[in-house]
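Here's the letter readout for the chains.
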Amino acid sequence: MTTDTPPRRASWLGHHRGTVSLAVAVAGLVAGEAATRAGLLPPHVGRVLVTAFEGATVGGLADWFAVSALFRRIPIPLVARHTDLLARKRERLADGIVEMVETHWLSPAVVRERLAGVSFSGLIASYLRDPRNRDSVRRALRGFIVPLTAALEHPTFVEAIAAGARSRLATADLGRPLGQGLAQVLADPAIQHRLGDGLADVLGAALGKAELQAWLRDALLSALSEYAHEGWWESTKIRLARLFLDGDDDAGKVEHLVGEMAERLQLVLAEVRADPAHPLRLGLYAALHRWATRMADGEAPSAAMLTAGLRELLDKALQPGGALTGWLAMLRHELDAALDDPASAASLRLDAMIGGAIAHFLTHDDTRNGFDDIVRRLIVEVIESRPQLIGDTVRLSLSESRLPTRALVRQIEDKVGEELQWIRVNGAVVGGLAAAVIALTRLWLG
């Protein structure tokens, strides 16, 4: 477990080391001058000592001015305009930092060289090896993916789907795939059984309707009337039929005949329902299969008509507000409901896909190496295509709005102030030593 280390704070002496050295130099100058005048020191010794402290005082004062002039204004006539340099030269300072960063520290060549040794996938893999982190990543990815279902109802997405479908419909031969699909469906015995039962149920329900029986009676009466006028033999057969059919007149006889036919057909349909191998069932399957096969081969006369009908039907569905919009909205609703339920098949599948992707990333070196190459290439491409990006970022960080001038000066002073105090100390020491050497040289020269 790591702990944050607070920044080191300089001691009081670290902040005031230069002032202390200047005070020592001034005190030494005053004490040496007083001791020399009082005769407490030999003249030559006192002269060298006083000169040394004079040099230390001058050096300390000069370096105090130099260091202080960087950070604040010093109200000394004529030279005050040359003080508070960091604040006054802020823009030049920022430009210099930006130029240094862009051309030296973070140039594209430097970034490319540095990135070559960075394994982004290694950092991610190290993080993902903790099961808790994997779970948090899985939840984050799930939270990102789930809202994407809203795109199913976005007008742009719907129109893109519709445009693609229209393009395919314009040249697609719908009859062939429809015939192939129908032939495959009809090959399933379960489908055949349901188809036979369904046909028997539909015909049985239709035969029981009065409208159909009335239509059959009218059709038979019309046929009898036309047939009786075609010749003497036809009219003779009609008269013989009237003798053997029950009923008072043609309408009654035809009604009786239609009733008999309906009863007989119901009996046949009952046999069809009861016998899975009934000839009518087998004949229906064979006829439909032949029709589907011919349509798949493009030979059925109805294929072109069916294709045109399907194309017209699908085109209506693709219109704005049509069936496609409703289908996509229904799909989004069902997806949202499924993904909201953690125990649903869709949620479990999504979680498994995310978990599998994480596991694949952790166990396949090729995947991680490919990821590193992509990230490096993207970073370098961004920097090379926008060379001013790093500079603009640095310039923004150094702007007045982000970092006021006084705050900038204070930060710099906090970072380098202790080292600058040593400059003041060194100035006093060097000044004192130089003055002492000069004094000794004068004594030596007489």
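Here the structure is a predicted model, which is why all the values come from computation and not from measurement.

**Student:** Quick rundown of the overall build of the protein chain? Include the residues and the values.
**Tutor:** Within the protein chain one finds 20 helices and 0 strands. A buried classification covers 27% of the 446 residues belonging to the protein chain. Excluding contacts between residues fewer than 6 apart, the proportion of contacts in the protein chain whose partners are at least 24 apart in sequence is 70%. Summed over its atoms, the accessible surface of the protein chain is roughly 29400 Å², and 65% of this surface lies on carbon and sulfur atoms.

**Student:** Can you lay out the packing of helix H2 (residues 43-71) against helix H20 (residues 405-445) for me, pointing to particular residues and giving the numbers?
**Tutor:** Where H2 contacts H20, the axes come no closer than 6 Å and their chain directions differ by 160°. When the interaxial angle is binned, H2 and H20 end up roughly antiparallel. Relative to H20, the crossing made by H2 is right-handed. Grouping the amino acids of the contact of H2 with H20 by side-chain chemistry returns 18 nonpolar, 8 polar and 4 charged.

**Student:** Before we move on, can you summarise the nonpolar core with the specific residues and values?
**Tutor:** Counting residues in each nonpolar core, the largest one holds 16 residues, and the members touching the most others are Leu 115, Phe 120, Ile 390, Val 394, Leu 398 and Leu 403. Of all the elements in the fold, those that place two or more residues in this core are helix H4 (90-105), helix H5 (108-115), helix H18 (365-385), helix H19 (388-397) and H20. Contact partners of Leu 115, with chain neighbours within four places excluded, come to Phe 120, Arg 376, Ile 379 and Val 380. In terms of nonpolar packing, the next biggest core, distinct from the first, is built from 9 residues, Ala 125, Leu 128, Ile 354 and Leu 362 among them.

**Student:** Residue-level account of the pattern of salt bridges, with values.
**Tutor:** Evaluation of the coordinates by the stated rule reveals 11 salt bridges. Here Asp 135 makes a salt bridge to Arg 139, at a shortest N to O gap of 2.1 Å. Note that Asp 135 and Arg 139 are positioned in helix H7 (residues 131-145) at a spacing of 4 residues, about one turn of the helix. As a salt-bridge pair, Arg 368 and Asp 365 come within 2.4 Å of each other at their nearest N and O atoms. Here the residue Arg 368 and the residue Asp 365 both occupy positions in helix H18, the gap between them amounting to 3 residues, near one helical turn. For Asp 365, a relative accessible area of 46% gives the class partly exposed. It is possible to trace a salt-bridge network through shared partners that takes in Asp 135, Arg 138, Arg 139, Arg 142 and Asp 351.

**Student:** Break down a positive patch on the surface for me, with residues and values.
**Tutor:** Side chains of Arg 81, Arg 88, Lys 89 and Arg 92 sit close together on the surface and give a patch of like positive charge. Its location among the elements puts Arg 92 in helix H4.

**Student:** Explain the environment of Leu 195 residue by residue, including any values.
**Tutor:** As for its position among the elements, Leu 195 is in helix H10 (residues 189-207). According to the relative accessible area criterion, Leu 195 is partly exposed, its value standing at 29%. Here the alpha-carbon distance between Leu 195 and Leu 284, two residues 89 residues apart in the chain, equals 9.1 Å. The residues contacting Leu 195, other than those within four sequence positions of it, are Leu 186, Leu 284, Tyr 285 and Leu 288.

**Student:** Outline the side chain of Asp 63, listing residues and values.
**Tutor:** Looking at the secondary structure, you find Asp 63 in helix H2. Despite its burial, Asp 63 remains without a salt bridge, the nearest opposite charge being carried by Arg 424 at 7.6 Å.

**Student:** Describe H4, listing the residues and the values that go with them.
**Tutor:** All of the buried residues along H4 are Arg 90, Ala 94, Val 98 and Val 101. Looking straight down H4, one finds its buried side chains confined to an arc of 70°; they lie on one side. Elements in contact with the buried residues of H4: helix H3 (85-88), H19 and H20.

**Student:** Lay out the environment of Leu 331 in plain terms, naming residues and giving numbers.
**Tutor:** Looking at the element boundaries, Leu 331 is found in helix H16 (residues 323-340). Leu 331 gets classed as partly exposed once you look at its relative accessible area, which sits at 37%. Along the primary structure Leu 331 and Thr 149 are separated by 182 residues, whereas in three dimensions their C-alpha atoms are 8.8 Å apart.

**Student:** Please give an account of the confidence of the model for the protein chain that cites residues and values.
**Tutor:** Averaged over all residues, the pLDDT of the protein chain equals 76, while 81% of them reach at least 70. Averaged pLDDT values over the elements of the protein chain bottom out at 49 in helix H12 (residues 232-244) and peak at 86 in H2. When the criterion is pLDDT under 50, residues 1-7 qualifies, and its contacts beyond four places in sequence or with other chains add up to 0 contacts.

**Student:** Got a sec to walk through the packing of aromatic side chains? Specific residues and values, please.
**Tutor:** The relative placement of two aromatic rings is captured by the distance of their centres and the angle of their planes. Evaluation of the coordinates by the stated rule reveals 1 aromatic pair. Judged by centre distance (5.6 Å) and plane angle (90°), the ring pair of Phe 361 and Phe 371 falls under edge-to-face. Here the residue Phe 361 occupies a position in helix H17 (residues 345-363), and Phe 371 occupies one in helix H18, the gap between them amounting to 10 residues.

**Student:** So what's going on with a nonpolar patch on the surface? Residues and values would help.
**Tutor:** Judged by side-chain polarity, Trp 12, Leu 13, Val 20 and Val 24 come together as a nonpolar surface patch covering roughly 390 Å² of accessible area. By the secondary structure assignment, Leu 13 is in helix H1 (residues 12-37).

**Student:** Quick one: what's the story with the environment of Ala 165, residue by residue and with numbers?
**Tutor:** Looking at the secondary structure, you find Ala 165 in helix H8 (residues 155-171). Taking relative accessible area as the criterion, Ala 165 reaches 25% and is therefore assigned partly exposed. Residues Ala 165 and Leu 318 lie 153 residues apart in sequence; the distance between their C-alpha atoms is 7.9 Å.

Reading the values: the criteria
- Residues numbered from 1 in each chain as written.
- Predicted model: local features only at pLDDT ≥ 70, side-chain atom pairs only at ≥ 80, totals over all residues.
- Heavy atoms only, no water.
- Helix = DSSP H or I, 4+ residues; strand = E, 2+ residues; numbered from the N terminus.
- Buried < 20%, exposed > 50% of the residue type's maximum accessible area, 1.4 Å probe, protein only.
- Contact = heavy atoms within 4.5 Å.
- Areas by Shrake-Rupley, 256 points an atom, 1.4 Å probe, with all protein chains shown as cover.
- Axes fitted to C-alpha atoms, helices over the stretch in contact; angles between N-to-C directions.
- Parallel < 35°, antiparallel > 145°, perpendicular 65-115°, else oblique.
- Left-handed = near helix turned anticlockwise from the far one by under 90°.
- Nonpolar A, V, L, I, M, F, W, Y, C, P; charged D, E, K, R; others polar.
- Core = buried A, V, L, I, M, F, W, Y, C linked by side-chain atoms within 4.5 Å.
- Salt bridge = Lys/Arg side-chain N within 4 Å of Asp/Glu carboxyl O.
- Patch = residues over 30% accessible without salt bridge, like charges linked within 9 Å, V, L, I, M, F, W, Y side chains within 5 Å.
- Lys, Arg positive; Asp, Glu negative; His and termini not counted.
- Charge placed at Lys NZ, Arg CZ, Asp CG, Glu CD.
- Arc of directions from axis to C-beta.
- pLDDT = per-residue confidence, 0-100.
- Phe/Tyr/Trp six-rings, centres within 6.5 Å; stacked < 30°, edge-to-face > 60°.

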